[in-house]
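What the coordinates show
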Amino acid sequence: EPEVTQTPSHQVTQMGQEVILRCVPISNHLYFYWYRQILGQKVEFLVSFYNNEISEKSEIFDDQFSVERPDGSNFTLKIRSTKLEDSAMYFCASGETGDNTEAFFGQGTRLTVV
Amino acid sequence: AQSVAQPEDQVNVAEGNPLTVKCTYSVSGNPYLFWYVQYPNRGLQFLLKYITGDNLVKGSYGFEAEFNKSQTSFHLKKPSALVSDSALYFCAVRDVMNTGFQKLVFGTGTRLLVSP
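A brief structural summary. Note that the structure is a prediction, hence the values are computed from the model and not measured.

**Some thoughts on the overall build of chain A**
The number of helices and strands found in chain A is 0 helices and 11 strands. Listing the helices and strands of chain A from first to last along the sequence gives β-β-β-β-β-β-β-β-β-β-β. Its C-alpha radius of gyration of 13 Å places chain A within 12% of the 13 Å reference for a compact globule of 114 residues. Reported as C-alpha extents along the three principal axes, the dimensions of chain A are approximately 35 × 30 × 30 Å. Of all 114 residues assigned to chain A, the portion counted as buried reaches 48%. Surface exposure of chain A reaches about 5600 Å², of which carbon and sulfur atoms provide 46%.

Here you go:
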């Protein structure tokens, strides 16, 4: 069964450092998403990406965040200068259609900012 | 804005017993409701969804959910729990942004522990 894979499973970084979270979506999918879950809180939508550009983003997704698909297989989330409050589980998802309620999710990357 | 609430952080049940994981929703308009499960070290997996039609929705792995409009609930159920059902369960609702983009709004999750 095809699945979305995310690396690393856990990343610890110092405040102010840049981090890149990596995702390999399912190969024939065209729509890509990032969600995050701060510990004990809800899973929140961050951004959607289609045709090599951001199609939607939430208010959380400020200038510190960026996404790209550098090589046609990976889909990355970059946080330019991490803050303590960026500590969360980050989920990548991909889908064949633009209905992200039918997306497939990865196992998540736990980011800890110290 | 659309939202869901999962009032229980954890549910404990013995194998073979029925299980219920609770979810209530708050929406404007017709709700599109979902359940996802996350097994250890795995991604969020779609279990089932309610769009319209029968209030009892059947999904993967023997799970079902009952949509109750008067109680604004969408509880996840299974008649006989398995130890392998132990996982984190998320209720979600579809929200439509001003641009027409559809996104999922998740609850905080409920951990289900099934004991042998």
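From this point, things continue past the structure.
**Points about the interface of chain A and chain B**
Contacts between the two partners involve 21 residues from chain A and, on the opposite side, 21 residues from chain B. Of the roughly 1800 Å² buried between chain A and chain B, counting both surfaces, carbon and sulfur atoms make up 57%. Across the contact surface, chain A and chain B share 0 salt bridges. On the surface where chain A and chain B come into contact, there are 5 residue pairs in polar contact (both at pLDDT 80 or more).

**Examining the side chain of B:Lys78**
Residue and element names in this part refer to chain B. Positionally, Lys 78 belongs in strand E9 (residues 73-78). Looking at Lys 78, its side chain comes within polar contact range of the main-chain oxygen of Tyr 61, at 3.1 Å. At 2.9 Å, the side chain of Lys 78 and the side chain of Asp 85 are in polar contact. If we skip the residues at most four places from it in the chain, Lys 78 touches Pro 18, Leu 19, Tyr 61, Gly 62, Phe 63 and Asp 85.

**Comments concerning the sheet that holds strand E8 (residues 75-79) of chain A**
All names here are of chain A. With antiparallel pairing, 4 strands are arranged side by side in an open sheet as E1-E3-E8-E7. The open sheet has two edge strands with one neighbour each: strand E1 (5-7) and strand E7 (65-68). Between one strand axis and the next, the sheet turns through 20° on average, direction left out of account. Pairing analysis gives 4 bridges linking E7 to E8, with the strands arranged antiparallel. Bridge assignment links Ser 66 to a residue of E8, and that residue is Lys 78.

**Side note on the layout of surface pockets**
Within this model, the largest pocket holds a volume of roughly 570 Å³. Around the largest pocket sit 23 residues that line it, and A:Met89, A:Arg110, B:Gln38, B:Leu88 and B:Arg111 are the ones nearest its centre. Counting only elements with at least two residues in the lining of the largest pocket, the list comes to strand E9 (88-95) of chain A together with strand E10 (87-96) and strand E12 (110-115) of chain B. Estimates place the volume of the second largest pocket at around 410 Å³.

Cut-offs used in this document
Residues numbered from 1 in each chain as written. Chains lettered and ligands numbered in written order. Predicted model: local features only at pLDDT ≥ 70, side-chain atom pairs only at ≥ 80, totals over all residues. Heavy atoms only, no water. Helix = DSSP H or I, 4+ residues; strand = E, 2+ residues; numbered from the N terminus. Rg over C-alpha atoms; globule rule 2.2 N^0.38 Å. Buried < 20%, exposed > 50% of the residue type's maximum accessible area, 1.4 Å probe, protein only. Areas by Shrake-Rupley, 256 points an atom, 1.4 Å probe, with all protein chains shown as cover. Contact = heavy atoms within 4.5 Å. Buried area = accessible area lost by both parts, 1.4 Å probe. Salt bridge = Lys/Arg side-chain N within 4 Å of Asp/Glu carboxyl O. Polar contact = N/O pair within 3.5 Å; in protein donor to acceptor, adjacent residues only side chain to side chain. Pairing = 2+ DSSP bridges. Axes fitted to C-alpha atoms, helices over the stretch in contact; angles between N-to-C directions. 1 Å grid on protein atoms, 1.4 Å probe; cavity = no way out; pocket = protein on both sides within 12 Å on 5 of 7 lines; lining within 4 Å. Points joined across faces, edges and corners; volume = space filled by probe spheres on them.

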